[in-house]
Amino acid sequence: MKSIRLWNACFIILLLPAILHGQQFAGRVTDASGAALPKANITVVNLATNVTNATTTTGDGDYTVPYLKPGLYSVTASAIGFDLETKTGITVQVSQTVTIDFALKVGSVTQTVTVSGAQLDRGQADVGEVVENERINELPLNGGDMGQLAQLSAGTYYSGNILYVRPFDNSLAALAINGAQAAENLLLLDGVSNEAAHGDAYNGTNSQIGYIAPVQAVQEFKVVTIPLDAGYGRLQGGVIDMTLKSGTNQLHGSVYEFARRGWLDSNLWSNDFYGRPTAAHTRDQYGAQVDGPVVIPKLFNGRDKTFFVAQFENWKETIPSTTLDTVPDPAWLKGDFSNLTYYDATTQSQKPLIIYDPLTLHDNGTGALVRDAFPGNIIPQGRISPFASGILSLYPTPNATPNPLQNSYTNNYVADTALTDKYRNGLIKIDQTIGANDRISLRYGYWERSEVQNQTGIPGIGANGEYPHGERVNTFSPEWIHTVTPTLVTDFKASVIVRGNVLNSGPLGYDLSQLGLSSSFISSLGTFGHSLPQTSPSEFTSIGNTGGEFTVGDSLAMRPSVTYARGKHTIHAGLDWRILQWSWRNIRGGTGFNVDRTWTQANYQSGDNTSGNSIASLLLGTASSGSVQINPLAFYSQHYYAPFIQDDWKVFPKLTLNLGFRYDVNGAVVERHNRVDYEFNTSVTNPVSSQVSSTALNGPLMGGLEFVGVNGNPRAFNSLVRTNLQPRLGFSYSPFEK
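**Overview of the sheet that holds strand E36 (residues 591-595)**
Now for step 1: Ordered by their spatial adjacency, 3 strands build an open sheet running E32-E36-E37, and the pairing between neighbours is mixed. In this open sheet, the two edge strands, each paired with only one partner strand, are strand E32 (534-537) and strand E37 (625-628). When strand polarity is set aside, the average angle formed by the axes of neighbouring strands in this sheet is 10°.
Now for step 2: Across 4 bridges, the pairing between E36 and E37 is antiparallel. In the strand pairing of E37, Asn 594 is matched with Ser 625.

Written out as structure tokens, the structure reads:
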């Protein structure tokens, strides 16, 4: 009957929301003979804050004190008629179960035992490594990207670019753990999800970090390479479990500045080649962090109960860069190609490159279709397209002399493509102890960055790159821990993350009507209807840009938990619930034209080195291809539910079984307005059928593309998997005491 009542209680708890139990103490209290001491008093004290947590042992002498912050602790055991024993100086690390056993002697003596160093986790089968505060602060970390320290753990592999390991580069999305692919890991901050619903313009939706914790604000983190606990889910790799610092009764702080200056750098080879001076690579990364008790003289003394952490960080960097462009000669823009030459490798000399008129195609008498050259290699003014002339006028004038062993116009412009980044980060966290049974915590974090770079080097409105690539993130996370009874503790954690991203691939403000485009077409481009269309002449640097995009991602994670100790069992159970939403307006590609030599070469069917020029083809209004990409404003959402239960069963003092079960329901992605293709239906009549007249058709034209949520189609384009049942089994066996 006792066993039946225990499991009935477990299923009742299963109906409640849950979260990982974080850091905790567990152990057993016996008398000198090894017999269990039920209802012995256990008191856990955080030595930095004097915050106390109390419980009593179960009928089997076991105890559990969950939901602790990493830090230094003392544990005291007492029972009527027995000595009081305190073990102090115990280090508790992130996601760790520290086992502290007591064997009390009969009497009334008080005994204190000092325990030093990190403790072995003897209660969990999970495999991982803690990167403790000492390594976080002392190891060199260029740029302050915490994700690089995760590579210290065995079983991790970083596939990202080592040049981009700044705090805002989201390097964790390129970290693979335990053989899984990158971006398949669970990101936790203070025990709750730190995953944004959508990343930046270059990344997807997996492992996209919400709040970026500055190095000085991090207490420690753990890389769990084999996550067996049923509280872990929605992952295929491992877990990055990070905890922030909490204030203590002592005031601590730091002020820092990391600076880089160009006079310490060597010059780029391209600058040396063209006689340009060393470009200035500058970086300033500075900030301050302070934590301690909240004290307002003569009004409020928060020692032992109210603590804070505050942090700010700024970053400003300019990375020098140059590029070689190929731009048209100014005379060409008026149709004069009389100076156009190409390099003849046979004679090792420059020879005239001839422009042919596409309107003069004729049979040369041998059956071959040929064209006539423009007299003097000059295109008449009346043949020049105003559209092309408007775009080509935005090219810069050549400023460099090409290599004589190449075409006369190749690499004739040296451009500055320096990258500038600005980044700022702010954090405030408050911890409050309310009486003996309640603890609350509130955290607000904010960061934003703006990156600007002209990646092609074409100045002005014709530039293409990042104008800007910007991100802004606001995060909020509350926590409430409540002790219901000495053996029943609840914890509610949640996080709200709003991450916005914008990427303009070129300057805005160009009036497209100058090119003769209609107002209806311009308005259809929306925000990006003020960008110069990207025009790509073969052999030349493209001009204009590819539009842009902006997204806003919202994520809500609610992960409360219940921990219940009875007998030799410690039960954790509940529901991991996350809501992800993101809106996306993407016009990457925008309006674009491609132009090549085809229209101005001698033979329209085959090209050669001696004839044709893409700039000439463009001037004549004969582009090779063009495209316009316009994507609608979309709003996606996804819900995730995962009830779970975990029983840490201390079978023997040296053997703990970790028995768990998790049911993952990873909801399908849906679009609010059903603006998603579903399938091509061959059984419906195509809408254009009435406009098609052909004797080859037996009846109407069949087949058409359908959308989700329309005509009986489901709202999601993939079906919901309802069979993701995950039993978990692990054990921890410690044959020796140390």
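Next comes the rest of the description.
**Details of unusual backbone geometry**
Negative phi is the rule for most residues except glycine; trans is the rule for most peptide bonds.
Now for step 1: A cis amide bond links Tyr 467 with the next residue in sequence, Pro 468, at an omega value of -10°.
Now for step 2: Looking at where Pro 468 falls in the secondary structure, it is placed in strand E30 (residues 465-485).
Now for step 3: Positive phi is not limited to glycine here, since Asn 178 has a value of about 60°.
Now for step 4: Despite not being glycine, Asn 674 has its phi angle at roughly 60°, a positive value.

**Let's talk about empty space enclosed by the protein**
Now for step 1: All chains considered together, the criterion is met by 11 cavities of 30 Å³ or more.
Now for step 2: Taken as a whole, the largest cavity encloses approximately 180 Å³ of empty space.
Now for step 3: Lining the largest cavity are 18 residues, and of these Ala 26, Thr 64, Thr 570, Asp 648 and Lys 650 sit closest to its centre.
Now for step 4: Of all the secondary-structure elements, those providing two or more residues to the lining of the largest cavity are strand E1 (23-31), strand E4 (62-68), strand E7 (97-99), strand E35 (569-586) and strand E38 (634-652).
Now for step 5: A per-class count over the lining of the largest cavity returns 3 nonpolar, 11 polar and 4 charged.

**Quick word on the nonpolar core**
Now for step 1: If you look at the biggest cluster of nonpolar residues, it comprises 34 residues, and the most contacted ones within it are Trp 332, Phe 337, Leu 340, Ile 355, Ile 379, Leu 515 and Leu 532.
Now for step 2: Excluding residues that lie within four positions of it along the chain, Leu 515 makes contacts with Phe 387, Gly 390, Ile 391, Tyr 510, Leu 532 and Pro 533.
Now for step 3: The next biggest cluster of nonpolar side chains, apart from the first, holds 33 residues, and it includes Met 146, Tyr 158, Ala 174 and Val 215.

**A short note on the sheet that holds strand E16 (residues 239-244)**
Now for step 1: Strand order in the open sheet formed by 5 strands is E10-E15-E16-E13-E14, and the pairing between neighbours is mixed. Strands at the two margins of the open sheet, each flanked by one partner only, are strand E10 (127-131) and strand E14 (192-193).
Now for step 2: One ladder, built from 5 bridges, connects E10 with strand E15 (residues 218-226); its direction is antiparallel. Looking across to E15, one finds that Val 131 is bridged to Phe 221.

**Focus: the environment of Val 94**
Now for step 1: As for its placement among the helices and strands, Val 94 is situated in the loop between strand E6 (84-92) and E7.
Now for step 2: Judged by relative accessible area, which is 0%, Val 94 ranks as buried.
Now for step 3: Apart from the residues lying within four places of it in its own chain, the contact partners of Val 94 are Gln 23, Pro 70, Val 130, Glu 220, Phe 221, Lys 222, Asp 241 and Thr 243.

**Considerations on the pattern of salt bridges**
Now for step 1: A full pass over the atoms with the stated rule returns 28 salt bridges.
Now for step 2: Here Asp 344 ties to Lys 351 by a salt bridge, and the two come within 3.0 Å at their closest N and O atoms.
Now for step 3: On the basis of relative accessible area, Asp 344 is assigned to the buried category, the value being 14%.
Now for step 4: What makes Lys 351 partly exposed here is its relative accessible area of 28%.
Now for step 5: The salt bridge involving Asp 576 is made with Arg 662; its shortest N-O contact spans 3.0 Å. You can see Asp 576 sitting in strand E35 and its partner Arg 662 sitting in strand E39 (residues 655-663), a full 86 residues away along the chain.
Now for step 6: If you follow the salt bridges from partner to partner, you end up with Arg 166, Asp 169, Asp 421, Arg 449, Glu 451, Glu 471 and Arg 499 in one network.

**As for the confidence of the model for the protein chain**
Now for step 1: Confidence in the prediction of the protein chain, expressed as mean pLDDT, is 87, and 92% of residues score 70 or more.
Now for step 2: The lowest-confidence element of the protein chain is helix H1 (residues 2-14), averaging 38 in pLDDT; the highest-confidence one is strand E28 (residues 419-434), averaging 96.
Now for step 3: Across residues 1-19 the pLDDT falls below 50, and counting only partners more than four positions away or on other chains, this stretch makes 41 contacts in the model.

**Quick word on the pairing of strand E44 (residues 725-733)**
Now for step 1: Residues of E44 alternate between two faces, with Gln 726, Arg 728, Gly 730 and Ser 732 buried on one and Leu 725, Pro 727, Leu 729, Phe 731 and Tyr 733 left unburied on the opposite face.
Now for step 2: Sheet topology places E39 next to E44; 9 bridges connect them, and they run antiparallel. Directly across from Thr 656, in E44, lies its bridge partner Ser 732.

**Here's the deal with the packing of aromatic side chains**
Now for step 1: Taken as a whole and judged by the stated rule, the model has 12 aromatic pairs.
Now for step 2: Ring centres of Trp 332 and Phe 540 lie 5.9 Å apart, and the angle between their planes is 90°; on these two criteria the pair is classed as edge-to-face. Remark: Phe 540 occurs in the loop between E32 and strand E33 (548-558) and Trp 332 occurs in the loop between strand E22 (322-325) and strand E23 (341-344); sequence separation between them is 208 residues.
Now for step 3: Take Trp 332: its relative accessible area is 2%, and that puts it in the buried class.
Now for step 4: Taking the relative accessible area as the measure of exposure, Phe 540 reaches 8% and is therefore buried.
Now for step 5: Ring geometry for Tyr 423 against Trp 447: centres 6.2 Å apart, planes inclined by 55°, an arrangement best described as tilted.

The rules behind these values
- Residues numbered from 1 in each chain as written.
- Predicted model: local features only at pLDDT ≥ 70, side-chain atom pairs only at ≥ 80, totals over all residues.
- Heavy atoms only, no water.
- Pairing = 2+ DSSP bridges.
- Helix = DSSP H or I, 4+ residues; strand = E, 2+ residues; numbered from the N terminus.
- Axes fitted to C-alpha atoms, helices over the stretch in contact; angles between N-to-C directions.
- 1 Å grid on protein atoms, 1.4 Å probe; cavity = no way out; pocket = protein on both sides within 12 Å on 5 of 7 lines; lining within 4 Å.
- Points joined across faces, edges and corners; volume = space filled by probe spheres on them.
- Nonpolar A, V, L, I, M, F, W, Y, C, P; charged D, E, K, R; others polar.
- Core = buried A, V, L, I, M, F, W, Y, C linked by side-chain atoms within 4.5 Å.
- Buried < 20%, exposed > 50% of the residue type's maximum accessible area, 1.4 Å probe, protein only.
- Contact = heavy atoms within 4.5 Å.
- Salt bridge = Lys/Arg side-chain N within 4 Å of Asp/Glu carboxyl O.
- pLDDT = per-residue confidence, 0-100.
- Phe/Tyr/Trp six-rings, centres within 6.5 Å; stacked < 30°, edge-to-face > 60°.

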